[in-house]
Amino acid sequence: MYDATAQLIHVRPLTQGYRVLTFHVPEIATAAQPGQFVHVRIPSIEPSRLRRPFSIYDADPEKGLLYVLYKVVGFGTEKLAELPVGTTMDILGPIGTPFPLEASGTPYLVGGGYGVAPLWFLATRLPQKGILFVGGRTAQDILETDRFIAAGWEVRIATQDGSLGTTGLVTLPLDEALAENPTAELYACGPDGMLRAVGERAMKYNIKGWLSLDKHMVCGVGACLACVQKIRTPEGEEVLKRVCVDGPVFESREIVW
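Summary of the structure given here.

What counts, and at which threshold
- Along each chain, residue indices are assigned from 1 in the same order as the chain's sequence is written.
- For a predicted model such as this one, the threshold for reporting local features is a pLDDT of at least 70, and the threshold for listing and counting side-chain atom pairs is 80 or more; totals across whole chains, interfaces and linings nevertheless cover every residue.
- Excluding hydrogens and water, the side-chain values take into account all heavy atoms of the structure.
- A 1.4 Å probe rolled over the protein chains alone gives each residue an accessible area, and that area as a share of the maximum for its type sets the label: buried under 20%, exposed over 50%, partly exposed in between.
- Runs of E in the DSSP output that reach at least two residues are strands. Runs of H or I that reach at least four are helices, and both are numbered from the N terminus.
- Strands are labelled as partners when DSSP assigns at least two bridges between them.
- When charges are counted, Lys and Arg contribute as positive and Asp and Glu as negative, whereas His and the chain ends are disregarded.
- For this document, the term salt bridge refers to a Lys or Arg side-chain nitrogen within 4 Å of an Asp or Glu carboxyl oxygen.
- Counting of polar contacts relies on pairs of N or O atoms within 3.5 Å, with two restrictions inside protein: one atom must be capable of donating a hydrogen and the other of accepting it, and residues adjacent in sequence are counted only when both atoms are side-chain atoms.
- Any two residues whose heavy atoms approach within 4.5 Å at even a single point are treated as in contact.
- Only C-alpha atoms enter the line fits that serve as axes; for helices the fit covers just the stretch in contact. Angles between N-to-C directions range over 0 to 180 degrees.
- Aromatic rings from Phe, Tyr and Trp, with only the six-membered ring used for Trp, were paired whenever their centres fell within 6.5 Å, and each pair was classed as stacked if the ring planes differed by under 30 degrees, edge-to-face if by over 60, and tilted otherwise.
- The disulfide definition used here is simple: a pair of cysteine sulfur atoms within 2.5 Å.

The buried count for strand β9 (residues 154-159) comes to 5 of 6 residues, which makes it a mostly enclosed element. With 6 bridges connecting them, strand β8 (residues 131-136) and β9 associate as parallel partners. Looking at the pairing, G135 lines up with A158 of β9.

Secondary-structure assignment places D141 in the loop between β8 and α4 (145-150). Here D141 occupies a buried position and makes no salt bridge, while the nearest side chain of opposite charge, K71, is found at 4.1 Å. Only 3.5 Å separates the side chain of D141 from the backbone nitrogen of R137, close enough to count as a polar contact. When sequence neighbours within four positions are dropped, the list of residues in contact with D141 reads Y18, K71, G113 and G136.

Moving on: the sheet that holds strand β10 (residues 166-167). The strand order across the open sheet formed by 7 strands is β10-β9-β8-β7-β11-β12-β15, and the pairing between neighbours is mixed. Whereas interior strands pair on both sides, the edge strands pair on one side only; in this sheet they are β10 and β15 (249-251). Both strand β7 (residues 107-112) and β8 contribute to a ladder of 5 bridges, which runs parallel. Across the sheet, the residue bridging to L109 is L132, located in β8. The sheet strands contacting helix α3 (residues 117-125) are β7, β8 and β11 (185-189), and the helix crosses β7 at an angle near 160°. Lying over the sheet, helix α6 (residues 192-204) contacts β7, β11 and β12 (209-212), oriented at roughly 170° with respect to β11.

Okay, the packing of aromatic side chains next. Any two aromatic rings considered together are summarised by their centre-to-centre distance and by the angle between their planes. All told, the structure shown has 5 aromatic pairs when counted by the stated rule. A ring pair is formed by Y108 and F133, whose centres lie 5.2 Å apart and whose planes are at 65°; its orientation type is edge-to-face. A residue pair is termed long-range when its members are at least 10 positions apart, and Y108 in strand β7 and F133 in strand β8 qualify at 25 residues. Just as Y108 is buried, F133 falls in that class too.

Take the sheet that holds strand β3 (residues 37-41) next. Judged by pairing direction, the barrel is antiparallel, and its 6 strands sit side by side in the order β1-β2-β5-β4-β3-β6 before closing back on the first. Taken pair by pair, the neighbouring strands of this sheet meet at an average axis angle of 45°, ignoring direction. Two strands pair when backbone bridges link them, and strand β1 (residues 2-13) and strand β2 (residues 18-24) are joined in this way by 6 bridges, in the antiparallel orientation. Opposite H10, over in β2, you have T22 as the bridge partner. Strands in contact with α3 are β4 (52-60) and β5 (65-71); relative to β4, the strand with the most contacts, it is inclined by about 25°.

Summed over the entire model, instances satisfying the criterion amount to 0 disulfides. Free cysteine: C219, not disulfide-bonded; nearest cysteine sulfur from C224 at 3.6 Å. The class for C224 is partly exposed, based on a relative accessible area of 35%.

Moving on to unusual backbone geometry. Between G93 and P94 the backbone carries a cis peptide bond, its omega angle lying at -10°. Tracing the backbone shows P94 in strand β6 (residues 88-95). Following G247, the chain continues into P248 via a peptide bond in cis, with omega recorded as 10°. With respect to the helices and strands, P248 occurs in the loop between β14 (238-242) and β15. Despite not being glycine, E144 shows a phi value in the positive range, around 60°. Within the secondary structure, E144 sits in the loop between β8 and α4. Judged by its relative accessible area of 11%, E144 is buried. Although it is not a glycine, L225 sits at a positive phi angle of roughly 65°. Relative to the helices and strands, L225 is located in the loop between β12 and β13 (228-232). Among the residues examined, L225 registers a relative accessible area of 52% and is labelled exposed.

See below:
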């Protein structure tokens, strides 16, 4: 993990307040792995304010570039959205346990909203192509699917209002695919309800399910214990693990909901 000075060099607006930021920060870009995150100190807010964690969307080690996809949802991200290109800021990272890159079956990536962010980074590093299942409330919450398609991934979409793809939750197209191919390996990032549902399916079909948990973090480096999650050890003991450094990726059988 590095405590690095990063320069914001590009901002790409998406839909409904979603944005992709490009930072020049060679140390972190070189070390980053899919599933890890960075902890960003936003310079336009007072020093007493907490850092904000963001999943790593992509990294280009050769150019020293790091990409973050996020949505403007509150005070911190509003201030982040106001920063001009050229701003420098302090970033900690990469932090956390990444996704494993050796799938025992066809990789099925499951994302909810901007939970798709670490899945793109994962898709670029997995040795095998598979299917991306992505869900959102409306079509405006379905992000960057054209990039997955161009990279050779099949994409299946679900929206709760029926404005794009299957009407309903993302587990609907996932269930159809699992019925056809129950030997897949699942990778998921999104809200807790979706992660729990994906984990239940992994256990039902006795396949691996790698879930990236999203918890409120204070320090981001394992010191404050604000982001603990109950985890079941291989011996059956239930212990508390820190999502920031012991996760954020856990295998579905480990998680005690």
